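This is what each chain is made of:
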Amino acid sequence: MGLTRTNSKQKPAVAPATTLFLFGAHGDLVKRLLMPALYNLSRDGLLGDGIHIVGVDHNAISDADFAKKLEDFIRQEAASKVAEGGAEPLDPELWAQLASRISYVQGDFLDDSTYSDIEKKIQATGTGNAVFYLATAPRFFSEVAKRLGSSGLLVETDDAFRRVVIEKPFGSDLPSAVALNACLLKVMSEKQIYRIDHYLGKETVQNILVSRFSNGLFESFWNNHYIDHVQITAAETVGVETRGSFYEHTGALRDMVPNHLFQLLAMVAMEPPAAFGADAVRGEKAKVIGAIRPWSEEEALANSVRGQYTENTIADKDVAGYRQEPNVSPESCTETYVALKVMIDNWRWVGVPFYLRTGKRLSARDTEIAICFKPAPYAQFRDTEVDALKPNYLNIQIQPNEGMWFDLQAKRPGPTLDTQNVELGFAYKDFFEMQPSTGYETLIYDCLTGDQTLFQRADNIENGWRAVQPFLDAWAKGCSLDHYQAGSEGPEAADELLARDGREWRSLG
Ligand code: BG6
């Protein structure tokens, strides 16, 4: 399923018998993403009878009620997506098979007895392999890891693996990420740690590497001789909604940049790995993120824009501003939008700016990477109607409308010499039948089968935080906040950031 299994004739093997513990079993992630992903894996015949799924949380609930609660939620979600034309209804037989392998351990994450109950569960399933998935609040990551270690649950044998999956956010700045890595590595080895970034579960993100390195065409122009700049955008129409208390301490930079946006940057900018194995791929990614130029605080301020959305009426509906959202201070200075300019100091990219932007409550949902090529010489069009040629872009559309498009100039038919922008394109939906998926299927399957390629290594994470730390440090000393109306394309200051370099953002959507 992951990047390393490239032989399309070979059906992926059924995952090995494993007891999968889901810490934070009553949380949103489990019901919205992890259980539906496990259901989809089961539908695709990739989970055998040896899989046991065990919820771990502090609330008391029986095994049957826990499974029923998940079923009700997933059934309802699937039904509403069917109504919108986007998914399949829950198959009762398939669910029953999966439900027979779901159970529950009640326990406090900080209480040692929880870990003896987990040990007993492993004895009862008779499956020595275990994965501990920490879908908990981040403050529990190191606490749970320490207790898994001290209770002996992380000891592997020749025929039993023990793995730990850590969700995002992995730290809140460089020192906390370094401390969390150190804490994990005290009780387990790097090969037991699976740090999740759900962007790496997206087909379109994995396809960046495959497209770049399986088509000779790309390498010939993939460098600073031909590329003028790169724009990486992750725009959302949703607001902060019920996540105010989390978001107030996080903000757009921490929430999206060192993880998701840097993963996109790494996929586009990394050198070809020697092989599609976990070490080679992750080594190249760590190198390119490590090559992001560390700005001084002054440079960080000059090369960043922080924005926050204000209220507006969108399609006849009143939309609250960030400061009016639940659990948000009416004076909050947390950014819901960020635009940055970063430079990569290596031979391939020297002189090519990478502009990154992400924000909530923008005019369109649009995650894309736009590669802007250097302009053609103008000379031959002098004295014609063509006064300014538009730059060529390669637009890698991550979501929605997944695909890739080249913007080219073509002659508009007629007696005069006039050009028009046209597109050469590939849309996923025209070539592939995509089964409904959450993006977590590949990640869970890869963890069960021991493939770490799509997971972040300690150095990837730390290099990401190292590159954003100057922005955090500079902003902590005071920084302006530019407001933008909900439903707009972001603050004007973000346009000025590019205009200073004689460039402009592509429009959203
Ligand atoms: C999460 C962030 O990691 O990614 C959210 O915490 C954000 O704030 C989400 O909305 C975006 O993911 P996607 O897959 O919808 O682009």
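Thresholds, definitions, all that
- Residues numbered from 1 in each chain as written.
- Predicted model: local features only at pLDDT ≥ 70, side-chain atom pairs only at ≥ 80, totals over all residues.
- Heavy atoms only, no water.
- Patch = residues over 30% accessible without salt bridge, like charges linked within 9 Å, V, L, I, M, F, W, Y side chains within 5 Å.
- Areas by Shrake-Rupley, 256 points an atom, 1.4 Å probe, with all protein chains shown as cover.
- Salt bridge = Lys/Arg side-chain N within 4 Å of Asp/Glu carboxyl O.
- Lys, Arg positive; Asp, Glu negative; His and termini not counted.
- Charge placed at Lys NZ, Arg CZ, Asp CG, Glu CD.
- Helix = DSSP H or I, 4+ residues; strand = E, 2+ residues; numbered from the N terminus.
- Buried < 20%, exposed > 50% of the residue type's maximum accessible area, 1.4 Å probe, protein only.
- Pairing = 2+ DSSP bridges.
- Axes fitted to C-alpha atoms, helices over the stretch in contact; angles between N-to-C directions.
- Core = buried A, V, L, I, M, F, W, Y, C linked by side-chain atoms within 4.5 Å.
- Contact = heavy atoms within 4.5 Å.
- Near = heavy atom within 4 Å.
- Polar contact = N/O pair within 3.5 Å; in protein donor to acceptor, adjacent residues only side chain to side chain.
- Nonpolar A, V, L, I, M, F, W, Y, C, P; charged D, E, K, R; others polar.

Participant: Summarise a negative patch on the surface; cite the residues concerned and give the values.
Facilitator: The grouping of Glu 489, Glu 492, Asp 495, Glu 496 and Glu 504 at the surface amounts to a negative patch. For Glu 492, the location among the structural elements is in helix α16 (residues 492–499). In this structure Glu 492 comes out as exposed when scored by relative accessible area, which is 62%.

Participant: Please provide a residue-by-residue account of the sheet that holds strand β5 (residues 162–166), values included.
Facilitator: Within the open sheet, the six strands sit side by side as β3-β2-β1-β4-β5-β6. Their pairing is parallel. At either end of the open sheet lies a strand with only one pairing partner, and these are β3 (102–106) and β6 (193–195). Neighbouring strand axes in the sheet, compared pairwise and without regard to direction, differ in orientation by 20° on average. Of the strand pairs in this sheet, strand β4 (residues 130–134) and β5 are connected by five bridges, and their pairing is parallel. Bridge pairing in β5 links Tyr 133 to Val 165.

Participant: A description of the nonpolar core should follow, citing residues and the corresponding values.
Facilitator: Within soluble globular proteins, side chains that are nonpolar generally end up buried alongside one another. Of all hydrophobic cores here, the largest spans 145 residues; its most connected members are Phe 23, Met 35, Ile 118, Phe 132, Tyr 133, Phe 354 and Ile 369. The leading source of residues in this core is helix α10 (residues 251–269), at twelve residues. With sequence-adjacent residues up to four places away left out, Ile 369 is seen in contact with Ile 208, Val 230, Gln 231, Ile 232, Leu 264, Val 268, Leu 394, Asn 395, Ile 396 and Ile 398.

Participant: Lay out the site of the ligand in plain terms, naming residues and giving numbers.
Facilitator: Every residue close to the ligand is listed here: Lys 168, His 198, Tyr 199, Lys 202, Glu 236, Arg 243, Asp 255, Met 256, His 260, Lys 360, Arg 365 and Gln 399. The contact in question runs from an oxygen atom of the ligand to an N or O atom on the side chain of His 260, over 2.7 Å. Against a free-state accessible area of 400 Å², the protein chains account for coverage of 79% of the ligand. Among the elements that take part in the shell around the ligand, α10 stands out by supplying three residues, more than any other. When the residues that make up the shell around the ligand are grouped by side-chain class, the tally is two nonpolar, three polar and seven charged.

Participant: Which residues make up the pattern of salt bridges, and what are the values?
Facilitator: By the definition in use, this model includes 26 salt bridges. A salt bridge links Arg 306 to Glu 335, with the shortest nitrogen-to-oxygen separation between them at 3.1 Å. Within this pair, whereas Arg 306 is found in strand β8 (residues 304–310), its partner Glu 335 is found in the loop between β10 (317–319) and β11 (337–343), the two being separated by 29 residues in sequence. No difference in accessibility class separates Arg 306 from Glu 335, as the two residues are buried.

Participant: Run through the sheet that holds strand β13 (residues 366–373), naming residues and quoting values.
Facilitator: Paired through their backbone hydrogen bonds, the strands of a sheet run either parallel or antiparallel. Across the sheet, which stays open at both edges, the nine strands sit in the order β16-β15-β14-β13-β7-β12-β11-β8-β17 with mixed pairing between neighbours. The two strands at the open ends of the sheet, each matched to only one other strand, are β16 (419–427) and β17 (482–485). Put simply, the sheet's adjacent strands are angled 20° from each other on average, direction ignored. As paired strands, strand β7 (residues 227–235) and β13 are joined by eight bridges and run antiparallel to one another. Note that in β13 the partner of Thr 233 across the bridge is Glu 368. Along the sheet, helix α7 (residues 203–214) contacts β13, β14 (393–399), β15 (403–411) and β16; its crossing angle with β14, the most-contacted strand, is approximately 145°. Against the sheet, α16 makes contact with β7, β8, β11, β12 (353–359) and β17, and its axis sits at roughly 15° relative to β11, the strand it touches most.

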